[in-house]
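Take a look at the letters that make up each chain.
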Amino acid sequence: MASRSPVIAPSILSADFARLGEEVRAIDEAGADWIHVDVMDGHFVPNLTIGAPVVKALRPITARPLDCHLMIEQPERYVGDFAAAGADIITVHVEACPHLHRNLQQIRALPHHGGDRVQAGVSLNPHTPITSMLTVLPLCDLVLVMSVNPGFGGQAFIPQVRDKIRALRAAIDAQGLTVRIQVDGGVDDRNVAELSQDGADTYVAGSGVFRNPRHEGYAAAIAAIRDRAQPAAASS
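In this text, all values refer to a predicted model and were calculated from it rather than measured experimentally. (Residues numbered from 1 in each chain as written. Predicted model: local features only at pLDDT ≥ 70, side-chain atom pairs only at ≥ 80, totals over all residues. Heavy atoms only, no water.)

## Comments concerning the overall build of the protein
Along the backbone of the protein there are eight helices and eight strands. Scaling as 2.2 N^0.38, a compact globule of 236 residues should have a C-alpha radius of gyration of about 18 Å, and the protein matches this with 16 Å. Projecting the C-alpha coordinates of the protein onto the three principal axes gives extents of approximately 45 × 40 × 35 Å. Counted over contacts in the protein with a minimum sequence separation of 6, partners at least 24 positions apart contribute 67%. (Helix = DSSP H or I, 4+ residues; strand = E, 2+ residues; numbered from the N terminus. Rg over C-alpha atoms; globule rule 2.2 N^0.38 Å. Contact = heavy atoms within 4.5 Å.)

Set out below in structure tokens:
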């Protein structure tokens, strides 16, 4: 596997929603690479969060890529709204997309506020095998491996997904692609080195950044994750 610099994407699901703009500025200044936006509809997952209007409100606050994870049914109805609001990356769930190939083509064809195309991602729930999406890997910029059952922040990491990450990295490398592997759920500085060794290179951390009592401030939490991810990524 070629060396890739780790990307740290704090999830604003764990932020203080009463101060969301301030929180996004804070993690931007603290060294976040991307801002991860969890979108939930109360149907595909048992929680209801934010939509495209919030993404639009956040767009002027940060120049960091807005990484929108759509945990929703019928995402094809809404991806255009998120792109228009300023999303840079739009990830949909394989479980919610019976026409996944078409959905990824749709995302990649969306106009982007920066002039380039919107990046497309596919997410897999913990129980979903990678065989469900291997044929669409060439249309993916990233694959998001859920390491908790989606819907709520603060859950414990499911260690069995490490096998899935390793298999996915082997499949990506076998096809000669440069697809990122993102991991979301229970990620922090205590397990990120192992995830790097498995083949991941992009890390969503909610509680691991916003609510980590072992670090003073967001910058320290982000730096701890990056420091532990970097050696493993560089030695792969």
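## Description of the environment of Val92
Here Val92 lies in strand S4 (residues 89–93). Between the alpha carbons of Val92 and Gln74 there is a distance of 9.4 Å; along the sequence they are 18 residues apart. If we skip the residues at most four places from it in the chain, Val92 touches Leu70, Pro75, Val79, Cys97, Leu100, Ile107, Gly121, Val122 and Ser123.

## A look at the sheet that holds strand S7 (residues 180–184)
The strands that make up a sheet are held in pairs by hydrogen bonds between backbone atoms, and each pair lies either parallel or antiparallel. Spatially, S1-S8-S7-S6-S5-S4-S3-S2 is the arrangement adopted by the eight strands of the open sheet, whose pairing is parallel. A strand with exactly one partner marks an edge of an open sheet, and here the two such strands are strand S1 (7–10) and strand S2 (35–40). This sheet shows a mean twist of 25 degrees between the axes of neighbouring strands, independent of strand direction. Inspection of the sheet shows S2 paired to strand S3 (residues 66–71) by six bridges, in the parallel sense. Paired with Val39 across the bridge in S3 is Leu70. Each of S4 and strand S5 (119–124) touches helix H4 (residues 100–108); the most contacted strand, S5, lies at about 145 degrees to it. (Pairing = 2+ DSSP bridges. Axes fitted to C-alpha atoms, helices over the stretch in contact; angles between N-to-C directions.)

## Quick word on the pattern of salt bridges
As enumerated under the stated definition, the model contains 18 salt bridges in all. Note that Glu23 is salt-bridged to Arg19, the shortest N-O span being 3.6 Å. A residue is classified by how much of its surface remains accessible, and Glu23, at 4% relative accessible area, is buried. The partner of Arg166 in a salt bridge is Asp163, and the shortest N-O contact between them spans 2.3 Å. Of this pair, Arg166 and Asp163 both sit in helix H5 (residues 161–174), three residues apart, which is roughly one turn of the helix. Residues joined in a network through salt bridges with shared partners are Arg162, Asp163, Arg166, Glu194 and Asp198. (Salt bridge = Lys/Arg side-chain N within 4 Å of Asp/Glu carboxyl O. Buried < 20%, exposed > 50% of the residue type's maximum accessible area, 1.4 Å probe, protein only.)

## Some thoughts on the side chain of His69
Tracing the backbone through its elements, the reader meets His69 in strand S3. By relative accessible area, His69 is classed as buried at 0%. Setting aside its immediate chain neighbours within four residues, His69 contacts His36, Val37, Asp38, Val39, Thr91, His93, Ser123, Leu144, Met146 and Asp184.

## A closer look at unusual backbone geometry
Positioned with a positive phi, Gln74 is a non-glycine residue whose angle comes to about 50 degrees. If you trace the backbone, Gln74 turns up in the loop between S3 and helix H3 (79–85).

## Some details on the pairing of S4
The buried fraction of S4 amounts to five of the five residues, a majority that puts the element mostly inside the structure. Taking every second residue as pointing to the same face, both faces of S4 are buried, with Ile89, Thr91 and His93 on one and Ile90 and Val92 on the other. Sheet analysis places S3 next to S4, joined by four bridges and oriented parallel. Of the residues in S4, the one forming a bridge with His69 is Thr91. With respect to chirality, the unit in which S3 leads through H3 into the neighbouring parallel S4 is right-handed. (Right-handed = clockwise from strand over helix to strand, strands pointing away.)

## Some thoughts on helix H1 (residues 20–29)
Within the sequence span of H1, burial applies to Leu20, Glu23, Val24, Ile27 and Asp28. Here the buried residues of H1 occupy an arc of 135 degrees about the axis, which is enough to place them on one side. Note on H1: the residue one or two positions beyond its end, Gly31, has a positive phi of about 110 degrees. (Arc of directions from axis to C-beta.)

That's the geometry; what it means functionally is another story.
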